[in-house]
Amino acid sequence: MGIMGRLIMMAMPITPRFIIRWVANRYVAGPDLAGAMEVMRELSAQEACFTIDVLGEEITTLAEADFFVEEYARVLDAIIAEEFDANISLKPTAFGLLIDESSAIANIERITSKAAEHEIFVRLDMEDHRVTQSTIDLVTKMHELGLTNIGTVLQGRLFRTESDIAELAGALAGASDVRICKGIYLESEQIAHTGYHDIVKATNRAIDQLLDAGSYTAIASHDMPIINHSLAALSQRGMGPGVSDPRSGAGGRRKGKGPGYEFQMLLGVRGNIRRKLASQGHLTRVYIPYGSRWYEYSMRRLRENPDVAWHIAKSIIMPWTNRR
Ligand code: FDA
């Protein structure tokens, strides 16, 4: 598979932009907020809720962060005005985390405060290992400032995730809210699992640990071994659709959240599984990216993890494996 992905990736730079655009259309809501709103209206009928991501990351000058602060304010205004069941996901490096941490904190605080006024949750996406600790610190800092409507993402592939779960649960108790995924960034074997089976096992262990720690657990995967493990782990703990979260020490149910957990999937990926989970009563959230930088973003993601190229190619060649 690795070779297939690499071959596809090598062909990308010479692939006409309109073809990449045609493929990306399935995964990106469009170049602007109007596209994201249209997708939310369309998918609301499938009992999904949403998290909105403005595409872009790792800025080179602090001035670039202003764009993201203003754009996320527009996203919040749209969610509030149209009463969408949605929250926001943002990448800390787009707010300057790798340039000046205090400016990034101030930028993210502005957005999180505005979101808090309307009980809208803010998720800090997790980027590569350079910012794992500073992203976790950002979350605990916001909670210390009284902004408890914020959480982050942990990556099953990283060895450190077990202690990060404990750190967040220790610092925030029932207010800890974690999206758990495998991790898109291909990290080195010094700090991460690198084989598929090890990554699945580690991600499943992290899901169990989050559930046992009382954290709100957002399970972000399209992979059946993870989804099936999660369903069994929830049932073993007496958690599930229509049941209040029975875990002692867990935070109460918040606006727009599930009973201690939810499932999350990317726009355009395995909609049939998402709809099945929704029909069983589980809260399901679709991650909706939009933005003018869709091309650069898609190419960077493909360079980072050629597996994505293979998934996309497979979903075109064998569409039944991935129904939107
Ligand atoms: P896997 O990659 O094995 O996919 C299972 C199947 O799903 C594939 O066989 C394929 O059919 C389909 N599939 C998966 N991805 C596809 C794609 N892009 N196109 C077409 N089909 C695809 N990572 C991170 O490091 N930081 C983060 O903040 C986040 N945030 C995040 C949010 C949400 C809502 C999701 C779902 C995922 C993330 N991720 C992430 C990405 C995550 O870490 C992981 O890389 C991907 O979800 C792929 O892993 P799966 O567990 O889905 O399995």
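Residues numbered from 1 in each chain as written. Predicted model: local features only at pLDDT ≥ 70, side-chain atom pairs only at ≥ 80, totals over all residues. Heavy atoms only, no water.

Observations concerning the overall build of the protein chain
Move 1: Scanning the protein chain for helices and strands turns up 12 helices and eight strands.
Move 2: Over its C-alpha atoms the protein chain spans a radius of gyration of 19 Å, differing by no more than 12% from the 20 Å that the globule rule assigns to 324 residues.
Move 3: Overall size of the protein chain, expressed as C-alpha extent along the three principal axes, is 55 × 45 × 45 Å.
Move 4: Expressed as a percentage of its 324 residues, the buried residues of the protein chain come to 54%.
Move 5: Considering only contacts in the protein chain between residues 6 or more positions apart, those separated by 24 or more positions represent 75%.
Move 6: Total accessible area on the protein chain is roughly 14,200 Å²; 55% of this is exposed by carbon and sulfur atoms.
Move 7: If the 36 positive side-chain charges of the protein chain are averaged to one point and the 40 negative ones to another, these points end up 7 Å apart. (Helix = DSSP H or I, 4+ residues; strand = E, 2+ residues; numbered from the N terminus. Rg over C-alpha atoms; globule rule 2.2 N^0.38 Å. Buried < 20%, exposed > 50% of the residue type's maximum accessible area, 1.4 Å probe, protein only. Contact = heavy atoms within 4.5 Å. Areas by Shrake-Rupley, 256 points an atom, 1.4 Å probe, with all protein chains shown as cover. Lys, Arg positive; Asp, Glu negative; His and termini not counted. Charge placed at Lys NZ, Arg CZ, Asp CG, Glu CD.)

A few points about the side chain of His222
Move 1: Among the structural elements, His222 can be located in the loop between strand 6 (216-220) and helix 9 (224-236).
Move 2: Given the relative accessible area of 19%, His222 is considered buried.
Move 3: Separated by 3.1 Å, the side chain of His222 and the backbone nitrogen of Leu266 make a polar contact.
Move 4: Among residues more than four places away in sequence, those in contact with His222 are Ile227, Met265, Leu266, Val269, Arg270 and Ile273. (Polar contact = N/O pair within 3.5 Å; in protein donor to acceptor, adjacent residues only side chain to side chain.)

Things to note about the site of the ligand
Move 1: Around the ligand sit 26 residues in total, of which Lys182, Gly183, Ile184, Ser221 and His222 are the nearest.
Move 2: A distance of 2.9 Å separates an oxygen atom of the ligand from a polar side-chain atom of Gln155.
Move 3: In the environment of the ligand, an oxygen atom lies 2.7 Å from a nitrogen or oxygen atom belonging to the backbone of Gly183.
Move 4: When the free accessible area of the ligand is taken as 920 Å², the share hidden by the protein chains comes to 90%.
Move 5: Of all the elements in the fold, those that place two or more residues in the shell around the ligand are strand 4 (150-155), strand 5 (177-181), strand 7 (261-266) and helix 12 (307-317).
Move 6: It is helix 12 that contributes the most residues to the shell around the ligand, four residues altogether.
Move 7: Classifying every residue of the shell around the ligand by side-chain character gives 13 nonpolar, seven polar and six charged. (Near = heavy atom within 4 Å. Nonpolar A, V, L, I, M, F, W, Y, C, P; charged D, E, K, R; others polar.)

Looking at the sheet that holds strand 5
Move 1: Spatially, the eight strands close up into a barrel ordered 1-2-3-4-5-6-7-8, and their pairing is parallel. Across the sheet, the mean angle from the axis of one strand to that of its neighbour is 30 degrees, orientation sign disregarded.
Move 2: Across three bridges, the pairing between strand 3 (residues 122-124) and strand 4 is parallel. Within strand 4, the position partnered with Arg123 by the bridge is Gly151.
Move 3: Its contacts with the sheet put helix 9 on strand 6 and strand 7, and the angle it makes with strand 7 is roughly 170 degrees. (Pairing = 2+ DSSP bridges. Axes fitted to C-alpha atoms, helices over the stretch in contact; angles between N-to-C directions.)

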